[in-house]
Every structure is written in structure tokens, then in C-alpha cells.
Amino acid sequence: TIVENLKSRTLASELETVKKMLEIAGIQVQVENQLDKASLTQDVESTAAMILLELATNIIKHAKASKVYLKLERTEKELVLTVRDDGCGFTSIKGDDLHTVRDRVLPFSGEVKVISWKQPTEVQVRLPYKERK
């Protein structure tokens, strides 16, 4: 039951949870949600929710950030999640950095890109999706 509940997380509820977590940690949050989630499959939506939580947790644990920007958008073929913070960034980018996020996008043939790794640190996740019929 617990695993099933985790799988059925909605992106909207996880976004609210992440926003509250960051605010409790003393981090100012700006959200740009351009997502019409109605056509996302449950797999894509719950995976995106878990990725969002993972990235926010990393910011709280490691970034020493004071501001975070979260953006969710949809293109014709993919869900795009952008997370940017003003924290200390990565000292260097190694192959195992963000491995949990990379593992989550793998089944979707998705992509994790570190757009910039120091001030600001910006990570973009792209999850291809199939429209729900």
C-alpha cells in the first residue's frame, strides 16, 4: 500500500509539499507552473513528482541556497522540469552526481542536464510522455 501510494503521487500535491519544505528550510521559492497535467500518464506524473522531491531535498541538504526557482512546463512531446537555486553549486560534475534522478528518467528515455553548476545552479529534467487516451 505504501509503495502504491508513492507511485500515485500527483505532481500538483508534490509541488506544494516541496514548496513548503523549502520554505521551512528558510529558502524563498518562486514557482512557475505551466503544466496542464490532465494528459500526463500516472507513470510520468509520479516519476516527475519523485524527481522534484529529490532535487528539492538535494538543495536543502547541500546547496546553502536562499532562493529557488521551480518551473514545470510541457512541450508537444515532453514534460520539462527546471530547478534553479542561488546556492554554492557543485564543486565539479562527476558521473554519479544526480544518479537517483538519472535512474528515474532512464525508463522514459529522458534526460537530465546540468545547465549551470555554479551560481546559479540549474538542473533541467526532460521526461518524454505519451498522451493518456
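See the structure above.
The structure presented is a predicted model; accordingly, all values stated were derived computationally and were not measured. (Residues numbered from 1 in each chain as written. Predicted model: local features only at pLDDT ≥ 70, side-chain atom pairs only at ≥ 80, totals over all residues. Heavy atoms only, no water.)

Is there a simple way to explain the overall build of the protein in this structure?
When helices and strands are tallied, the protein shows four helices and five strands. Across the 133 residues in the protein, those meeting the buried criterion constitute 39%. For the protein, long-range pairs separated by at least 24 residues make up 71% of all intrachain contacts whose partners lie at least 6 apart in sequence. A total accessible area of about 7700 Å² is found for the protein, and carbon and sulfur atoms account for 51% of it. (Helix = DSSP H or I, 4+ residues; strand = E, 2+ residues; numbered from the N terminus. Buried < 20%, exposed > 50% of the residue type's maximum accessible area, 1.4 Å probe, protein only. Contact = heavy atoms within 4.5 Å. Areas by Shrake-Rupley, 256 points an atom, 1.4 Å probe, with all protein chains shown as cover.)

Explain helix H2 (residues 11-24) here, please?
Count 3.6 residues to each turn of an α-helix, and residues three or four apart come out pointing the same way. When the terminal C-alpha atoms of H2 are compared, their 20 Å separation across 14 residues agrees well with the 20 Å that a helix rising 1.5 Å per residue should span. Residues of H2 that are buried include every one of Leu11, Glu14, Leu15, Val18 and Leu22, and no others. Looking straight down H2, one finds that the buried residues subtend no more than 105° of arc, so they occupy a single side. In this structure, H2 carries Lys20 and Ile24 as exposed residues pointing more than 90 degrees from its buried face. Check the buried side of H2 and you find it contacts strand E1 (28-33), helix H3 (42-63), strand E2 (67-74) and strand E3 (78-85). (Expected span 1.5 Å × (residues − 1). Arc of directions from axis to C-beta.)

Sorry if this is basic, but what is going on with the sheet that holds E3 here?
Pairing between sheet strands relies on hydrogen bonds along the backbone, with the strands arranged either parallel or antiparallel. If you trace the five strands from one edge of the open sheet to the other, you get E1-E2-E3-E5-E4, paired in mixed fashion. Strands at the two margins of the open sheet, each flanked by one partner only, are E1 and strand E4 (111-117). Strand-to-strand twist across the sheet, computed as the mean angle between neighbouring axes with direction ignored, equals 10°. The pairing of E1 with E2 spans six bridges and is classified as parallel. The residue bridging Val29 from the neighbouring strand is Val68, located in E2. The strands that H3 touches are E2, E3 and strand E5 (121-128); relative to E3, the one it contacts most, it runs at about 10°. (Pairing = 2+ DSSP bridges. Axes fitted to C-alpha atoms, helices over the stretch in contact; angles between N-to-C directions.)

Would you explain the environment of Ser39 in this entry?
Its place among the elements puts Ser39 in the loop between E1 and H3. As for Ser39 and Tyr129, which are separated by 90 residues in sequence, their C-alpha atoms are 9.2 Å apart.

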